[in-house]
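What follows is the residue order along each chain.
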Amino acid sequence: MVASGQKQALVIGVITGAGYGLVALGLVLIYKSSGVFNFAQGEFGTVAVYTLYRVHDRIGVPLVPAVAIGLAAAVAMALATERVVIRPLFDAPRVTLLVATAGVSLLAISLELWLGEARLRFIQPALSRLDRVSVFGVQVSDQRLLVLAALVMLAVLLALFFSRTNLGLAILGVSQEPVATELMGISVRRLSSFIWGLAGLLAGIAGMLTAPVVGSFGPGFLTFNSLIPAFTAAVLGGMNSLPGAFVGGVVVGVAQSLAVSAPAFHGIPGAGSVMVFVLLVAVLTVRPHGLMGKA
Amino acid sequence: MNGERAERPGVAGLVARGVVIGAIGALVLSLNVLLGYTGQISLGHQAFVGIGAFTSAYMVTVHGQPFVAAVGMAMVVGGLQALLLGVVSLRVTGLYFALVTLAYGTMAEESLFNIQALTGGSAGQPAPKPMGFTTDLRYYYLCLAFLAAVVWVDWRLMKTKGGRALLAVRENPRVAATFGANVKVYTLMAFVVAGVFAGLGGALLAHNDTFVVRDLFNFQLALVFVIMTVIGGLRNRTGVVIGSAFFSLVGYFFDKLTSGGLNVPGLKVLPKEYVPIVIGPLLLLFTLTRHPGGVGQQIRPVQRWLRGGRFSFKDTHDAAILRGGERVSDVRA
């Protein structure tokens, strides 16, 4: 009984964790290109979900174009943030930039609160039949499986993008050695915009995939659900490794899910967030360069 | 006689908001100690404030202690938790420290504030106003007195050896260290002072509302404190107090404005509880990108003039601080 419960938690943890990993990818990309801890990353995703909801459920645009419009909104918000907030503060201390992105995040949350009346909205599953499929003896709803399949596909696409395309290689170059990349004739400034846009896109996808797993969304839901776990994941990956961030996300997701379900932690409110906090402090104290990063 | 004045609706509303000035002023000064004096930022201040509020409410309601003892206890607990968190996490600074405080705040919100025995769970904990200060107006004066005390302590602290060391640490931790200032100890000290002030502010807020509910202490609250500090102008006590007063009152006045007939057709009127969190970030971004010194920078000529100096708008040092690359505040651990 306990064993199957743990296994269930493990599978759920992997799926939630992959969502964290997706947010963390965006965080690491932006940190490597602009040196900013982007606290607005979660909001890019929430805005995408809100836009999707508005366009699909209110106006009645079919799902596929609605998804595209939602993702476009996330990308637009990320690009606007980069242009309006980050670029003018290019020479400011990093903590100032952090405050600025936190401001962007709060602005988005409060606009959602104001316009969306603080209500939780429930999501109709894309697969209307709520079948449960058995994977390794664990019951998983097919909604979750769909999310997992999308995440795996996305991870493969990203890996291909970063290893096979010129653009992907240029981004890797900028993040590792900006000066040398500039000397190779690549505009770091222009790539910076592109990277923010890409991070916005990733956050949008993460939001759209996380919302159906959670089942509902409200103002700032991706920030509150995923931002801290995603940062922990990025730190686990050393803040500089893209695969590290994704794997870190899965680790955080599993740890959190186990903490919530473990019988030893019953009766402790918020065991999941305690776990994430402990994990973050432990990594920062013991291995500040991350589990996979180089010292 | 004071009660009579407080019953006039306009004044009463203003006083109710004004109480918050005192309490929030203390809180924001607490953040100013941290952000302004050490360059470290706390994004988990809702935890500090909440712990102060719940400690005070717990002492008064469950243990029947007098107000003064409860507030004292809130300050002690606030300082202690800052000490604990600081010892664990101040080995990292800058961005990573901000991250740890953010995670701490969320943890407190989801875990600590849900401990039924201490906080009353979702029902909350009553926190009556102290004897003799039961009217809004009197409590307001009490808060102002506390605020004055905090301003005074803050001012005196910065004149001590520790205060000067902190300034040196902020300007350049490495240089300060070579001059024999123990950077870690002084940063920790500032963090504890911030914790004590925050505990006090939380307790004052709790007794103003006469009821503490955990939902009040969320991430938005922590960010609003940061925004007030930055807009007020770092390291400028007057500016910071003006910043917090502005945010305490802006919702009230906005409400008066909209109920007084200002109505943009087609646009939903902003409810007053959302005013600070909508206008705040906009002002924050404007301050950061255009006027990095905040209110403090704008009032500096007046302050200089009051002290007998020349009245001039030329600002030498402070404008450069938020923008400038002179500070090493993002050193990785």
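Remember, predicted model here, so these are calculated numbers, not experimental data.

Another point: the overall build of chain B. A tally of helices and strands in chain B yields 15 helices and 2 strands. Residues classed as buried in chain B amount to 52% of the 333 residues present. A separation of at least 24 residues holds for 79% of the contacts in chain B among residues at least 6 apart in sequence.

Moving on, we get to the overall build of chain A. Assigned secondary structure in chain A consists of 11 helices and 4 strands. When contacts within chain A are restricted to residue pairs at least 6 apart in sequence, long-range pairs at least 24 apart make up 72% of them.

On the side of chain A, 37 residues touch chain B, which itself brings 45 residues to the contact. Looking at the side of chain B that touches chain A, the elements with two or more residues in it are α4 (67–89), α5 (94–110), α11 (219–232), α13 (275–290) and α15 (318–323) of chain B.

We now examine the nonpolar core. Counting residues in each nonpolar core, the largest one holds 187 residues, and the members touching the most others are Ala24, Leu98 and Leu280 of chain A. Sorting elements by how many residues they give to this core places helix α10 (residues 183–209) of chain B first, with 15 residues.

Once that is clear, we can look at the environment of Leu166 of chain B. Residue and element names in this part refer to chain B. Its place among the elements puts Leu166 in helix α8 (residues 161–171). On the neighbour-count criterion, Leu166 (26 C-beta atoms within 10 Å) is buried. In sequence terms Leu166 and Leu29 are 137 residues apart; their C-alpha atoms lie 15 Å from each other. Among residues more than four places away in sequence, those in contact with Leu166 are Tyr37, Thr38, Tyr186 and Ala190.

Moving on, we get to the confidence of the model for chain B. All names here are of chain B. When the pLDDT values of chain B are averaged, the result is 75; 78% of them are 70 or greater. Of all helices and strands in chain B, the one with the weakest mean pLDDT is helix α1 (residues 2–7) (37), whereas α4 scores best (89). Overall, residues 1–9 carries pLDDT values under 50, and its contacts beyond four positions in sequence, including any with other chains, amount to 13 contacts. For the stretch residues 318–333, pLDDT sits under 50, and the model shows 39 contacts to residues farther than four places along the chain or on other chains. This complex was scored by the predictor with a pTM of 0.81 and an ipTM of 0.83.

Residues and elements named next belong to chain A. In contact at an axis separation of 11 Å, helix α6 (residues 166–176) and helix α8 (residues 188–214) are set at 110 degrees when each is read in the N-to-C sense. Taken together, the axis directions place α6 and α8 in an arrangement best described as roughly perpendicular. Where α6 approaches α8, its residues Ala170, Ile171 and Val174 are matched on the opposing element by Val188, Leu191 and Ile195. Taken together, the residues of the contact of α6 with α8 break down into 6 nonpolar, no polar and no charged.

A word on α8 of chain B. Taken residue by residue, α8 of chain B has Gly163, Ala165, Leu166, Val169 and Arg170 of chain B as its buried positions. Buried residues of α8 of chain B fall within an arc of 160 degrees about the axis and therefore sit on the same side.

With that out of the way, let us pick up the environment of Leu242 of chain A. Residues and elements named next belong to chain A. In this structure, Leu242 sits in helix α10 (residues 242–261). Here Leu242 falls in the buried class, since 21 other C-beta atoms lie within 10 Å of it. Residues Leu242 and Pro62, 180 residues apart in the sequence, show an inter-C-alpha distance of 34 Å. Leave out the neighbours within four places in its chain, and Leu242 touches Leu25, Val28 and Phe162.

Attention now moves to the packing of helix α3 (residues 63–86) of chain A against α8 of chain A. All names here are of chain A. Closest axis-to-axis distance for the α3/α8 pair is 8 Å, and the angle between their directions is 140 degrees. Between α3 and α8, the angle falls in the class oblique. Considering only the axes of α3 and α8, their crossing is right-handed. Here α3 contributes Val67, Gly70, Leu71, Ala74, Val75, Met77, Ala78, Leu79, Thr81 and Glu82 to the contact with α8, which in turn contributes Ser192, Ser193, Trp196, Gly197, Ala199, Gly200, Leu201, Ala203, Gly204, Ile205 and Met208. For the contact of α3 with α8, the per-class residue count stands at 13 nonpolar, 7 polar and 1 charged.

Conventions adopted
Residues numbered from 1 in each chain as written. Chains lettered and ligands numbered in written order. Predicted model: local features only at pLDDT ≥ 70, side-chain atom pairs only at ≥ 80, totals over all residues. Helix = DSSP H or I, 4+ residues; strand = E, 2+ residues; numbered from the N terminus. Buried ≥ 20, exposed ≤ 12 C-beta atoms within 10 Å, placed from the backbone. Contact = placed C-beta atoms within 7 Å. Core = buried A, V, L, I, M, F, W, Y, C linked by C-beta atoms within 7 Å. pLDDT = per-residue confidence, 0-100. Axes fitted to C-alpha atoms, helices over the stretch in contact; angles between N-to-C directions. Parallel < 35°, antiparallel > 145°, perpendicular 65-115°, else oblique. Nonpolar A, V, L, I, M, F, W, Y, C, P; charged D, E, K, R; others polar. Arc of directions from axis to C-beta. Left-handed = near helix turned anticlockwise from the far one by under 90°.

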